[in-house]
Amino acid sequence: MYEIEFYDSEDGSTPVQEFLDTLEPKMKAKALRTIDLLEQNGPALRLPYSGPLGDGIFELRTKQGSDITRVLYFFFVGNKAILTNGFVKKTQKTPSAAIKLAKKYKADYESLLIKSQVLFKKYSGGNGGTTKRPS
């Protein structure tokens, strides 16, 4: 089982949640079902539900009638899938702006994690929270 996490931007917004909230009920239900499949299958989820876009970014594919949506995501250490952003697909090609945004969110997420680890080490004495026993 994979943990699904929605990326939170620095301004406190959650782009993928905001996208999902704009979808019609049937499309939203299908998109959430595809997210459930990602949670169950992780990187084993393949076409027609998921596909790679490059640089560690993947897309979840959902179709309802003639409408097509994509939710972009990446995998992270500890069996996590981080959902970044989504869009309604109107052309054959995935918009480069959507992929660039997902890559930015991925870099932001990784950078924030590194900063939090450095702070943890700083405040825990630099030894990962362990303490030495007095001799």
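Coordinates for the structure precede this section.
Overview of the structure. None of the values given here were measured: they were computed from a predicted structure. (Residues numbered from 1 in each chain as written. Predicted model: local features only at pLDDT ≥ 70, side-chain atom pairs only at ≥ 80, totals over all residues. Heavy atoms only, no water.)

**Quick notes on the packing of aromatic side chains**
Going through the model one piece at a time under the given rule, you end up with seven aromatic pairs. Judged by centre distance (5.7 Å) and plane angle (70°), the ring pair of Y2 and F75 falls under edge-to-face. Pair noted here: Y2 is in the segment before β1 (3–6) and F75 is in strand β4 (residues 67–76), with a separation of 73 residues, a long-range link. Consider the rings of F58 and Y73, whose centres lie 5.6 Å apart with planes at 25°: the pair is stacked. Highlighted residues: F58 in strand β3 (residues 57–64) and Y73 in strand β4, separated in sequence by 15 residues. The partly exposed category is assigned to F58, whose relative accessible area is 22%. What makes Y73 buried here is its relative accessible area of 1%. Linked through ring pairs, Y2, F58, Y73 and F75 together constitute an aromatic cluster. (Phe/Tyr/Trp six-rings, centres within 6.5 Å; stacked < 30°, edge-to-face > 60°. Helix = DSSP H or I, 4+ residues; strand = E, 2+ residues; numbered from the N terminus. Buried < 20%, exposed > 50% of the residue type's maximum accessible area, 1.4 Å probe, protein only.)

**Examining the pattern of salt bridges**
Counting across every chain of the model gives seven salt bridges. Here K103 ties to D55 by a salt bridge, and the two come within 2.7 Å at their closest N and O atoms. A residue pair is termed long-range when its members are at least 10 positions apart, and K103 in helix α3 (residues 96–123) and D55 in the loop between β2 (50–54) and β3 qualify at 48 residues. The exposure class assigned to K103 is partly exposed, which follows from its relative accessible area of 33%. Of the charged contacts, one joins R61 and E59 as a salt bridge, the two residues approaching to 3.0 Å between their closest N and O atoms. Classification of E59 as buried rests on a relative accessible area of 3%. (Salt bridge = Lys/Arg side-chain N within 4 Å of Asp/Glu carboxyl O.)

**Re the nonpolar core**
With 15 residues, the main nonpolar core has L20, L23, L38, L60, V71, Y73 and L83 as its most contacted residues. For this core, the secondary-structure elements that each account for two or more residues are α1 (15–22), α2 (25–41), β4 and β5 (80–88). The greatest single-element share of this core, amounting to five residues, is contributed by α2. Beyond its immediate sequence surroundings of up to four residues, L83 is in contact with I4, E5, F6, Y7, V16, I35, L38, L60, V71, L72 and Y73. Membership of the second largest hydrophobic core comes to eleven residues, among which are L72, F74, A98 and Y109. (Core = buried A, V, L, I, M, F, W, Y, C linked by side-chain atoms within 4.5 Å. Contact = heavy atoms within 4.5 Å.)

**Some remarks on α1**
Every buried residue of α1 is accounted for by P15, V16, F19 and L20. The arc that holds the buried residues of α1, viewed along the axis, is 135°, so those residues lie on one side. (Arc of directions from axis to C-beta.)

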